[in-house]
Structure formats: C-alpha cells, structure tokens
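# Coordinates in review
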Amino acid sequence: MDNSGGVSAEHDVEPKQSIVQKLRNILLSRFLISLGAQFAMSGFHMALGFLLIRVISRYDFGVYSFAFVLAMFAGALNNALISTPLTVYTPVIKDDQERADQEAMFSTLNVLLFLSLCLCGIGYAFFTGISTPTGLAVTAFVATYAARQFSRSFGYARFKPLVTATGDIAYVCSGVTIVGMVVYLNWGKDISVVYILMGLATANLLAMFIERLRLHGAGRSWFTFAKLNSYGQVWEQSRWALAGAVTTLFVGQAHALIVTSKSGPSAFAPLAAGMVLFGPVRVALLTWQNMVKPELALALSNNQGELVKKQIRKTVLLVGVAVLIFALCLWLAWPHINYWLYSKEYADQPMGYIVCMWTVITFFAAIYNAPSAALQAMKDFRVLAMASVYGAIISGVLVSLLLYFYNPASTLLGIIAAECFMAVYLIRIMLNHLKEEWQ
C-alpha cells in the first residue's frame, strides 16, 4: 500500500512539474518576442536621439525631450486609469461576454482620455502663446503616445504579444521612413522639431490601426462606445494607481519639469542628452512589467505566492547585474561616445558626470521594477501610491534646492536619492505582503 501510494504521488508530481515548466517556457518565449520588438522600438528612439543631438539646435532638442516627458506623464495617466486595470482585471474573467464588456469600457475611456489630452494641449498652447505648429506637434505626439499605451496593453491582456510586437515593428518602420524623409529633404538646413514630433505621432496612429485590425479584424465597429457604470469598482483601486503613477514618474523626472520651467529647454537638453544612452534598459524594464502583470495576477489568483516571490527575487538580481554590465560597456566606450555624440553641441557641458549620474539612477529604477509589478498585480495600488508620494517629495525638494544653490546637472543627485528610497521601500513592502499572504 505504501509503495503504491508512493508511486501515485510521484505520478501526481510529475504532471504538475511539467505544467509549471510549460508555463515558464511560454512566459520566456512571450518575453523574448516582446523584448525583440520592444528593443527595435527602443533602438529606433535611441538612434533618433543620437541623430537629433547632432542635427537640431540645443533648444529644439530640449523641446523634443520635454515632449517625451509630457508623453510619459500622459502615458502614466493611461496606464493607471485604463491600461493597468485592463491587464490585471480582464485576464481572470471567465465569461466571454463579461470580458468583452469590460474591454469595451476601457476602450471608451481610452478615447475620452485621448480627446481630453488634445483639448488640454491645444488650450494650453493658445492661452500661453506658444508657437502654433510647435504646440500642435507636441499635443499630437503626447496624445497618440498615451493612446498607444492602451493599444499595446490590449495585446498583453489577451495573451497575444505578437499583436503588440507587430504594432511595435510597424511603428519603427513608419517612424524610420518618415523621419528619414524629413532629414533627407532638410539636410544642410535647420530641421524643425515640429516635423519630427508630427512624424512620430503619425507612426503611433499607424501602429494602433494595425494592432486593432489584428485583435478585432475589419468587421468590428470602430466607434462603439460602452457604458462606464462598472468602472466605479475599478476606480476604488485605480485612483491610487493614478496618484502612484504620476508621483512615480515625478520621482524620476522632477528635474525635467523644474529645470525646464525655471531655466528653459536649453538647460534641460544636456540632462536629456545623457539619458538617451539608457533608453534600451528602461524600455526593456517597461516591457517586462507590462507583459508580466497579467501573468502575476493569474498566479496570485491561483495562490502561487511562493512562485511569485522566487521569480521576483531572481528578476531583481538579473536586472541589477544587467545594468552593471551595461554601465561597464559605457565606461569602456566613453571616449568614443563622448567624441561622436557630445563634442559638438554639448562640449561646454559635464556630460561624463551626467551620464554617470544616469547610470546610478537607472540601476535603482531597475531594482524596484519587479516589486512594483508584483504590487500592481496584487492590486495594492495604495501602497505604491504612498511610496511614490514620499519619493516625489524627496525628489522635488532636493532637485529644487540643488538647482537653486548649484546648477542643472547637480539636480540628478536629487533623483538618485529618490530612486534609492523607492527601491528599498518597495522591495521591503512587497516581501512583507507575500509573507503575510503565503506564510
């Protein structure tokens, strides 16, 4: 009897281990597919940044970089209110009709946010007297960037990363074509940042169009609006996600808002030029987080807390080592990077110091990326919000003081302090939550 029972237990364990291994393989393949497409998009943005550093004025590069900061804030709004709830609520819904209704509700909210951003951008440009072409270009880029956060998340929520990957490739191909034409037609002349931003907005629209076709086909109505009644339950959590998303972004971008508002785009441009080198790392982190949130939510709903804890620990270690290796490569190649990229327009700026500061910032941001994803999957947005509020206070106060007493480059020390706090705080909170739930 005992031997028989032992054999039965072995046969029970083997299928479970096989299922776990299959799930791991599926997750790895999805991550690699998504990462490949995301790296193509990141590589495009990185190459574009390198190109613009050399071919447009420091002021225009400051405008371009600040437009990206505004786009990230708009994307954070979308992620908090729409995209993150979509990826953590809809994957666990069993009923097809209920899931379709929830997806339609989030789609409607995405359209409303897009229109709101357009109106805000146009109104701000009108009342502040900003150049009309520049205001419209910044508005178009910011609004389409935010809208595509939802489009990309939809593919992840449906466990169809190939859809998102297709949209990423479409964005890169169209972006390269449009920007290439702009540079070619204006070579040797002053290239306006307006053309670049409008080209990127067009590329975002094309990518969204392709993603929608692949997800829903041509037969589904493009202007179907859903009732928003059921969003009340989501709002109880997403309001904390909203506060957390905006303040988390402020933790890492306080210098962009404060330096630009006080000293103008030209003063912000060198800081943004140093950050360009770390685009691939940050995009890889965002890709992992967007893709893994539905997986973590599903694992937690199946009471697999220990598996989640182990995965988060491994991820923190791996990303930390990856950033250090990347930093070593930058250090070895720095003489060439500095000569080719910064020696012309930014020769009077301490670019070595700025890049060093961004290395440290990126390291801490990478460390707390995985705990942040786990807490979002737990729907514990209030804890994330409070952590980022504390971090934003640290960032805002230190950046303001450093800018007042020293110079724009020194403000990055304030960002380092805030990112370090976030890493320590979120890792501790995440481990305590998992320990309380799955002792």
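Residues numbered from 1 in each chain as written. Predicted model: local features only at pLDDT ≥ 70, side-chain atom pairs only at ≥ 80, totals over all residues. Heavy atoms only, no water.

### What about the environment of Trp-288?
Here Trp-288 shows up in helix α9 (residues 279-301). Residue class for Trp-288 comes out buried when judged on its relative accessible area of 10%. Measuring from C-alpha to C-alpha, the distance between Trp-288 and Gln-38 comes to 9.9 Å, with 250 residues separating the pair along the chain. (Helix = DSSP H or I, 4+ residues; strand = E, 2+ residues; numbered from the N terminus. Buried < 20%, exposed > 50% of the residue type's maximum accessible area, 1.4 Å probe, protein only.)

### Section: the pattern of salt bridges
When the charged atoms of two side chains with opposite charge come close together, those side chains can pair. This structure, assessed with the given rule, holds 6 salt bridges. Between Arg-58 and Asp-348 there is a salt bridge; the shortest N-O distance is 2.9 Å. Placement of the pair is Arg-58 in helix α2 (residues 58-89) and Asp-348 in the loop between α10 (305-342) and α11 (351-367), with a sequence separation of 290 residues. For the salt bridge of Glu-103 with Arg-158, the shortest nitrogen-to-oxygen distance reads 2.8 Å. Here the residue Glu-103 occupies a position in helix α3 (residues 96-128), and Arg-158 occupies one in the loop between α4 (132-157) and α5 (161-185), the gap between them amounting to 55 residues. Three or more residues joined by partner-sharing salt bridges are found here, namely Arg-148, Arg-152, Asp-168 and Glu-211. (Salt bridge = Lys/Arg side-chain N within 4 Å of Asp/Glu carboxyl O.)

### Quick word on the confidence of the model for the chain
Of all residues in the chain, 87% have pLDDT values of 70 or greater, and the mean over the chain is 83. Below pLDDT 50 for its whole length, residues 1-11 participates in 0 contacts with residues either more than four positions away or in separate chains. (pLDDT = per-residue confidence, 0-100. Contact = heavy atoms within 4.5 Å.)

### Let's talk about the packing of α2 against helix α7 (residues 231-263)
Taken N-terminus to C-terminus, the directions of α2 and α7 make an angle of 160 degrees; their axes are 9 Å apart at the nearest point. By the angle class used here, α2 and α7 are roughly antiparallel. Judged by the twist between their axes, the crossing of α2 over α7 is right-handed. Taken together, the residues of the contact of α2 with α7 break down into 21 nonpolar, 4 polar and no charged. (Axes fitted to C-alpha atoms, helices over the stretch in contact; angles between N-to-C directions. Parallel < 35°, antiparallel > 145°, perpendicular 65-115°, else oblique. Left-handed = near helix turned anticlockwise from the far one by under 90°. Nonpolar A, V, L, I, M, F, W, Y, C, P; charged D, E, K, R; others polar.)

### Considering a negative patch on the surface
A cluster of like negative charges, contributed by Asp-95, Asp-96, Glu-98 and Asp-101, occupies part of the molecular surface. Inspection of the secondary structure puts Asp-95 in the loop between α2 and α3. Residue classification places Asp-95 among the partly exposed residues on the basis of a relative accessible area of 41%. (Patch = residues over 30% accessible without salt bridge, like charges linked within 9 Å, V, L, I, M, F, W, Y side chains within 5 Å. Areas by Shrake-Rupley, 256 points an atom, 1.4 Å probe, with all protein chains shown as cover. Lys, Arg positive; Asp, Glu negative; His and termini not counted. Charge placed at Lys NZ, Arg CZ, Asp CG, Glu CD.)

### Thoughts on α4
With 26 residues, α4 ought to run about 38 Å at 1.5 Å a step, and its terminal C-alpha atoms sit 38 Å apart, in line with that. Across the 26 residues that make up α4, a large majority, 23, are buried. The positive-phi residue at the C-terminal boundary of α4 is Phe-159, with phi of around 55 degrees. (Expected span 1.5 Å × (residues − 1).)

### Topic: the packing of α11 against helix α12 (residues 369-377)
Closest axis-to-axis distance for the α11/α12 pair is 4 Å, and the angle between their directions is 35 degrees. Residues Ala-365, Ala-366 and Ile-367 of α11 pack against Asn-369, Ala-370 and Pro-371 of α12. Grouping the amino acids of the contact of α11 with α12 by side-chain chemistry returns 5 nonpolar, 1 polar and no charged.

### Some points on the nonpolar core
Phe-61, Tyr-64, Phe-106, Leu-200, Leu-277, Ile-312 and Tyr-342 are the most contacted members of the largest nonpolar core, which totals 121 residues. Top contributing element to this core by residue count: α2, with 15 residues. With residues up to four places along the chain from it excluded, the contact list for Leu-277 reads Met-46, Phe-50, Phe-326, Leu-330, Trp-334, Ile-337, Leu-341, Tyr-342 and Val-355. Counting 5 residues, the second largest nonpolar core, distinct from the first, contains Val-281, Leu-285, Val-319 and Val-323. (Core = buried A, V, L, I, M, F, W, Y, C linked by side-chain atoms within 4.5 Å.)

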